[in-house]
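# Geometric and topological summary
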Amino acid sequence: MSRGVTPRQPARTGRQDKVRATPRGLRPAGRSKPTSLATRQNSSRAVANKSVPATRKGYNPIAPERVAEILKRLNELYPEATCALTHASAWELLVATILSAQSTDVNVNRVTPELFRKYPTVEAFAALTPEQLEPDVRSTGFFRNKSKSVVGAAKTIVSDFGGQVPDDIEKLLTLPGVARKTANVVLGSWFKKAEGVVVDTHVHRISRRLELTKQNDPQKIEQDLMKIIPRERWILFSHQIIWHGRKLCIARKPRCAECALENLCHAGDKTWSTVDMHKNAKA
Ligand code: SF4
């Protein structure tokens, strides 16, 4: 394969100089690298008229057509993305979301079945002291704070909301340990209410890599995303980005060669690229 055609690995410095500027087409997730030049050329042609130009001049990362293309490709990649936390009620989802901070969904899903068997109602949690709950949630990390939050939330739900998890963001935010991320998870995944965009660690990282925001504060990132993503996509977008963060756009070594968003992405820490890195792109 001749020089100048072969996609090049970024330099160890992180700079991606001399990469090929031709947009690359959609590839299904799960393939490690393009198999042939012909395959890549066909793929490029397939998206040639819908790709965002890779030139720096006039480049607007939040141009509506670029955002729409990202959303479209996410739909193709993760058409039925849902919340990965096992739950059977709004209360169980609230608890699982509190426990998922600084932990993995897999880890939380290992703990919650036994937890909800042992304490089957919100009232059962409300009757505990945080210290009593600690052994049950220890393996999720930060168990003292999480125990306080779960027991505190249970007590408030019983005393202020008749034992029912409220479906109102202002009320949810009065619960101990519940900030906008947790409130948005419960509202979106259980009540199907789009009051905001869930900004967890994956949404935080990938929104910045895709230059949908330059912010670092989750609340400001959420505000940026709410401005450029149609409200009817807020819930699904979060699920899709979270799945993308687990499968491909992982924190330390994103699998860019397999990513269908690759020719739209100018993140500074891409591991493989077919497009010039945007001058100001920072992941
Ligand atoms: S190309 Fe790489 S950095 Fe960009 S979204 Fe895909 S996996 Fe993430």
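Predicted model only: the values in this text are computed from it and were never measured.

## Focus on the overall build of the chain
The secondary structure content of the chain amounts to 12 helices and zero strands. Each helix and strand of the chain, ordered N terminal to C terminal, gives the series α-α-α-α-α-α-α-α-α-α-α-α. As displayed, the chain offers around 14200 Å² of accessible surface, 53% of which is attributable to carbon and sulfur atoms.

## Details of helix H6 (residues 130–137)
The set of residues buried in H6 consists of Pro130, Leu133, Glu134, Asp136 and Val137. Looking at the packing, one finds that the buried side of H6 touches helix H3 (90–99), helix H4 (105–118), helix H5 (122–126) and helix H7 (143–160).

## A word on the site of the ligand
Every residue lining the ligand is accounted for by Arg209, His244, Cys249, Pro254, Cys256, Cys259, Glu262, Cys265 and Lys270. Taken together, the residues of the shell around the ligand break down into five nonpolar, one polar and three charged.

## A word on the packing of aromatic side chains
For the structure on display, the rule yields three aromatic pairs. Both rings, one in Trp91 and one in Phe125, keep their centres 5.3 Å apart while their planes meet at 70°; by these two values the pair is edge-to-face. A residue pair is termed long-range when its members are at least 10 positions apart, and Trp91 in helix H3 and Phe125 in helix H5 qualify at 34 residues. Of the two residues, Trp91 and Phe125, neither departs from the other in class, the shared state being buried.

## Considering the packing of H6 against H7
A packed helix pair is summarised by two numbers, namely the angle formed by the two axes and the spacing between the axes. Following both chains from N to C, one finds H6 and H7 inclined at 120°, their axes separated by 8 Å at the closest point. Here H6 lies oblique to H7, going by the angle between them. In this structure, the crossing between H6 and H7 has a hand that is right-handed. Along the contact surface, H6 presents Pro130, Leu133, Glu134 and Val137, while H7 presents Phe143, Arg144, Ser147, Lys148, Val150 and Val151.

## Considering unusual backbone geometry
At Phe142, a residue that is not glycine, the phi angle is positive and equals roughly 45°. By relative accessible area, which is 54% here, Phe142 ends up exposed. With a phi close to 60°, Lys192 is a non-glycine residue in the positive phi region. Topologically, Lys192 is positioned in the loop between helix H9 (180–190) and helix H10 (201–209). Residue classification places Lys192 among the exposed positions, given a relative accessible area of 62%.

## Looking at the environment of Gln223
For Gln223, the location among the structural elements is in helix H11 (residues 218–228). Accessibility expressed as a relative area gives 39% for Gln223, which makes it partly exposed. In this structure, the C-alpha to C-alpha distance between Gln223 and Gly196, residues 27 residues apart in sequence, is 8.3 Å.

## Considerations on the environment of Leu71
Inspection of the secondary structure assignment puts Leu71 in helix H2 (residues 64–77). Note on Leu71: relative accessible area 7%, which makes it buried. Each C-alpha atom, one on Leu71 and one on Leu261, is 9.9 Å from the other, the two residues being 190 residues apart in sequence. Discounting chain neighbours no more than four positions away, the residues touching Leu71 are Ile229, Pro230, Arg233 and Phe237.

The rules behind these values
Chains are numbered independently. Their residues run from 1 in the order of the written sequence. The predicted origin of the model limits local features to residues at a pLDDT of at least 70 and limits the giving and counting of side-chain atom pairs to 80 or more, whereas totals for whole chains, interfaces and linings rest on all residues. With hydrogens and water stripped out, all remaining heavy atoms of the structure feed into the side-chain values. Secondary structure counts use DSSP, requiring at least four H or I residues in a row for a helix and at least two E residues in a row for a strand, with both numbered from the N terminus. All accessible areas in this document rest on Shrake-Rupley with a 1.4 Å probe, and a residue is counted as covered only by the protein chains that are shown. Only protein chains enter the accessibility calculation, which uses a 1.4 Å probe. A residue is then buried if its area is under 20% of the maximum for its type, exposed if over 50%, and partly exposed in between. In this analysis, two residues are considered to be in contact whenever any of their non-hydrogen atoms come within 4.5 Å of each other. Consider each residue's heavy atoms; a residue with any of them within 4 Å of a molecule or strand counts as near. Polar here means any residue outside two lists: the nonpolar Ala, Val, Leu, Ile, Met, Phe, Trp, Tyr, Cys and Pro, and the charged Asp, Glu, Lys and Arg; Gly therefore counts as polar. Only centres within 6.5 Å qualify two rings of Phe, Tyr or Trp (six-membered ring in Trp) as a pair; their planes then separate them into stacked at under 30 degrees, edge-to-face at over 60, and tilted for everything else. Comment: axis = line fitted to C-alpha atoms, over the contacting stretch for helices; angle = value between 0 and 180 degrees taken between N-to-C directions. We call two directions roughly parallel when the angle between them is under 35 degrees, roughly antiparallel when it is over 145, roughly perpendicular when it lies between 65 and 115, and oblique otherwise. Definitions for this section: a left-handed crossing has its near helix turned counterclockwise from the far helix by less than a right angle. A right-handed crossing has that turn clockwise.

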